[in-house]
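Residues per chain are reported as follows:
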Amino acid sequence: MTMKSLGDPFSEKNDLRHGASCGCDTCNGAQHDVTARPMSSEAMLERAVESAVVRSVFGHSDIGRRSFMGMMGGGTVAAALASVFPLDAAKAAILDNLGAPEKTDLNIGFVPITCATPIIMAQPLGFYERYGLNASVIKTAGWAVARDKSLSGEYDASHMLTPMPLAMTLGAGSTAVPYIMPAVENINGQAIVLSNEHLDKRDPKQWKGFTFGVPFEYSMHNFLLRYYVAEHGLDPDVDIQIRVVPPPEMVANLRAGNLDGYLSPDPFNQRAVWEGIGFIHLLTKEIWEGHPCCAFAAPLSFATELPNTYGALLKSIIDATQYASNPENRIEISEAIAPTNYLNQPVEVIQQVLTGTFADGLGAVQQVPDRIDFDPFPWHSMGVWILTQMKRWGYIENDIDYKAVAEQVYLAADAKKVMNDLGYDAPDITYKSHTIMGKTFDPAEPEAYVKSFAIGKG
């Protein structure tokens, strides 16, 4: 499903007499590119303001408008109009004065892991209510279920893994539906756990024949595990076996001997140590410091059809994420998300994860305050890296415009605006280089990066 965008009022190619949902021959023809990138809710609101102003100048004569734009150039007309009418101020005023949520009763899915902390805690600590929402957070067994319930409309929005909305937009592993990810939930917060039977196998070169669990194919867990073992000379599709195991089932499978280890979200890494059956081999922050993990995502249609609700929900999530980023709040949060209807875990296990003071299963107590952290900004460069790994391992076979897809799905502008509105700092850029296991990733050269690896399919 591809959603049409509102026509650019400064383009002579678009007929403004036809709306975004128009099904006439003109709108379905050459004047509208149905493969065009979907617009964010903010961009659609801005386009609506521009169209209204341009229409007021040219009246009902759209043919006259298009002829004038063709002769003068849309950019020239836009600049001239902006010199006499404060377009940017008008757009900002509308965005800053969204009305009450169109829909207040919302269903938000989550998988019971600490990465979902902001989405979960926003209910018991009142962040949804603060912005006029009556949100029910619904525990979900695993990521395939979360994806399917989101696609069916049973969930208005959902806790998702950061690669999922990219994959869903591209139709990788599911029907292609435009999805948006306006906020990251957590950074870091994962680990590689090995069974205590492998205490003598700390070198990944000794892992040939091992079976590892990951929570979903389109997950940072899968891509980080693949990256890690490949850097140690193992082909993850040949030398080890990777199985998809829902996070709540990780510990039981490790105990039963079905898995030699797993790269999982917490609290299940710490739970393996708590139960004396596994040890923490490596925190994933040691692979990539500050890597994204989980996110808040929704169908694009949710944002475009219910912009006020979308804005209120995004504010709730970002506000909760910033609250969780303060270490002083972690004890309170641990108690809030521990109950049965949320994580259903001992408070002590959750506190070890959130505070970063934890037993490692090797006889030591570690002090790693940023074992998990919370930063809502969805860097486009992170999205590009994820797409390179999807290409590297054969999840994407065709050529891809990495930058266009990352910018379509990761709504950094929406996140920045809400962060600033709430008084939080937000970056002025959306791309930066990242260092993964000592190697620099340049988001400007994604295809060269894919081809730089000795092990892979891309």
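For the structure, check the block above.
What counts and what doesn't
Residues numbered from 1 in each chain as written. Predicted model: local features only at pLDDT ≥ 70, side-chain atom pairs only at ≥ 80, totals over all residues. Heavy atoms only, no water. Helix = DSSP H or I, 4+ residues; strand = E, 2+ residues; numbered from the N terminus. Contact = heavy atoms within 4.5 Å. Areas by Shrake-Rupley, 256 points an atom, 1.4 Å probe, with all protein chains shown as cover. Core = buried A, V, L, I, M, F, W, Y, C linked by side-chain atoms within 4.5 Å. Buried < 20%, exposed > 50% of the residue type's maximum accessible area, 1.4 Å probe, protein only. Pairing = 2+ DSSP bridges. Axes fitted to C-alpha atoms, helices over the stretch in contact; angles between N-to-C directions. Salt bridge = Lys/Arg side-chain N within 4 Å of Asp/Glu carboxyl O. Parallel < 35°, antiparallel > 145°, perpendicular 65-115°, else oblique. Left-handed = near helix turned anticlockwise from the far one by under 90°. Nonpolar A, V, L, I, M, F, W, Y, C, P; charged D, E, K, R; others polar. Phe/Tyr/Trp six-rings, centres within 6.5 Å; stacked < 30°, edge-to-face > 60°. Lys NZ or Arg CZ within 6 Å of the ring centre and 35° of its normal. Arc of directions from axis to C-beta. Polar contact = N/O pair within 3.5 Å; in protein donor to acceptor, adjacent residues only side chain to side chain.

Novice: Help me understand the overall build of the chain in this model?
Specialist: Each helix and strand counted, the chain has 19 helices and 16 strands in total. Taking the intrachain contacts of the chain between residues at least 6 apart in sequence as the baseline, contacts between residues at least 24 apart amount to 76%. Within the structure as shown, the chain displays about 18100 Å² of accessible surface, and the carbon and sulfur contribution to it stands at 50%.

Novice: Could you clarify how one ought to interpret the nonpolar core in this entry?
Specialist: By size, the foremost hydrophobic cluster in this structure holds 129 residues, and its most contacted members are Tyr128, Trp143, Trp207, Tyr262, Leu313, Trp385 and Met390. Excluding residues within four positions of it along the chain, Tyr262 makes contact with Ala191, Ile192, Val193, Phe212, Gly213, Met250, Val251, Leu254, Phe268, Asn269 and Ala272.

Novice: Just checking my understanding: could you explain the sheet that holds strand β1 (residues 105-110) for this structure?
Specialist: Adjacent strands of a sheet form backbone hydrogen bonds with each other and so pair up, either parallel or antiparallel. Read from one edge to the other, the open sheet built from five strands follows the order β2-β1-β3-β11-β4, with strand pairing classed as mixed. A strand with exactly one partner marks an edge of an open sheet, and here the two such strands are β2 (134-139) and β4 (179-184). Along the sheet, successive strands turn relative to each other by an average axial angle of 30°, direction set aside. Of the pairings in the sheet, the one linking β4 to strand β11 (residues 294-299) comprises four bridges and is antiparallel in character. Looking at the pairing, Ala183 lines up with Phe296 of β11. Contacting β3 (157-161), β4 and β11, helix α7 (residues 143-151) crosses the sheet at an angle of about 145° to β3.

Novice: What is the right way to read the environment of Pro376 from this model?
Specialist: Here Pro376 is to be found in the loop between β14 (372-373) and α16 (380-392). When its relative accessible area of 1% is taken as the criterion, Pro376 is described as buried. Taking the C-alpha atoms as reference points, Pro376 and Ile317, separated by 59 residues in sequence, lie 8.5 Å from one another. For Pro376, the contacting residues outside a window of four places in its chain are Pro182, Ala183, Val184, Ile318, Thr321, Gln322 and Met419.

Novice: Would you mind showing me how to read the pattern of salt bridges here?
Specialist: A pair can form between side chains of opposite charge whenever their charged atoms are brought close. Inspection of the entire model under this criterion finds 17 salt bridges. As a salt-bridge pair, Lys201 and Asp200 come within 3.6 Å of each other at their nearest N and O atoms. Among the ionic pairs, Asp428 bridges to Lys416, the shortest N-O distance being 2.9 Å. Here Asp428 is found in the loop between α18 (412-421) and β15 (434-436), whereas its partner Lys416 is found in helix α18, with 12 residues between them in sequence.

Novice: Would you mind going over the packing of helix α9 (residues 220-231) against α16 with me for this structure?
Specialist: Helices that pack against each other are described as a pair by the angle of their axes relative to one another and the distance between those axes. Where α9 meets α16, the closest approach of the two axes is 11 Å, and the angle between their N-to-C directions is 65°. Judged by the inter-axis angle, α9 sits roughly perpendicular to α16. Judged by the sense of rotation from one axis to the other, the crossing of α9 with α16 is left-handed. Residues Met220, Phe223, Leu224, Tyr227 and Ala230 of α9 form the contact with α16, whose participating residues are Trp385, Ile386, Gln389, Met390 and Arg392. Here the residues of the contact of α9 with α16 sort into eight nonpolar, one polar and one charged.

Novice: I keep staring at the sheet that holds strand β10 (residues 278-283) and nothing clicks. Help me out?
Specialist: What the five strands build is an open sheet, ordered β8-β7-β9-β6-β10; its pairing is mixed. Unpaired on one side and paired on the other, β8 (241-244) and β10 mark the two borders of the sheet. When strand polarity is set aside, the average angle formed by the axes of neighbouring strands in this sheet is 25°. Pairing geometry for strand β6 (residues 190-195) and β10, over five bridges, is antiparallel. Directly across from Ile192, in β10, lies its bridge partner Leu282.

Novice: Please explain the pairing of β3 as it appears in this structure.
Specialist: Strand residues, when the strand is regular, have side chains that alternate between the two faces of the sheet. The element β3 is extensively covered by neighbouring structure, given that five of its five residues are classed as buried. As paired elements, β1 and β3 share two bridges and run parallel to each other. What sits directly across from Gly109, in β3, is Ser158. Here β3 runs beside β11; their pairing, made up of four bridges, is antiparallel.

Novice: Help me understand the pairing of β11, please; the structure alone is not making it clear to me.
Specialist: Here β11 lies mainly inside the structure; six of its six residues are buried. Of the two faces of β11, both are covered, the one formed by Cys294, Phe296 and Ala298 as well as the one formed by Ala295, Ala297 and Pro299.

Novice: Help me understand the packing of aromatic side chains, please; the structure alone is not making it clear to me.
Specialist: The relation between two aromatic rings is expressed through the spacing of the ring centres and the mutual angle of the planes. According to the stated counting rule, one finds 14 aromatic pairs in the structure shown. Relative to Tyr228, the ring of Trp207 lies with its centre 6.1 Å away and its plane at 45°, an arrangement referred to as tilted. In this pair, Trp207 is assigned in the loop between β6 and β7 (211-214) and Tyr228 in helix α9, connecting sequence segments 21 residues apart. Relative to Tyr395, the ring of Tyr218 lies with its centre 5.3 Å away and its plane at 65°, an arrangement referred to as edge-to-face. Within this pair, whereas Tyr218 is found in the loop between β7 and α9, its partner Tyr395 is found in the loop between α16 and α17 (402-409), the two being separated by 177 residues in sequence. Look at Tyr218 and you get buried, because its relative accessible area is 8%. Among the aromatic residues, those joined into a cluster by ring pairs are Tyr227, Trp288, Trp385, Phe441, Tyr449 and Phe453. In this structure, Arg392 packs its charged tip against the face of Phe453, placed 3.7 Å from the ring centre. Against the face of Trp379 rests Lys432, its NZ or CZ located 4.2 Å from the ring centre.

Novice: Got a minute to help me understand α18 in this structure?
Specialist: Of the positions making up α18, those classed as buried are Ala412, Asp414, Ala415, Val418 and Met419. Buried residues of α18, seen end-on, are gathered within an arc of 160° and therefore sit on one face of the element.

Novice: Looking at this structure, how should I read the side chain of Thr140?
Specialist: Within the secondary structure, Thr140 is located in the loop between β2 and α7. Residue classification places Thr140 among the buried residues on the basis of a relative accessible area of 2%. Reaching out from Thr140, the side chain makes a polar contact with the side chain of Tyr155 at a distance of 2.7 Å. Contact partners of Thr140, with chain neighbours within four places excluded, come to Gly109, Phe110, Val111, Pro112, Val145, Ala146 and Tyr155.

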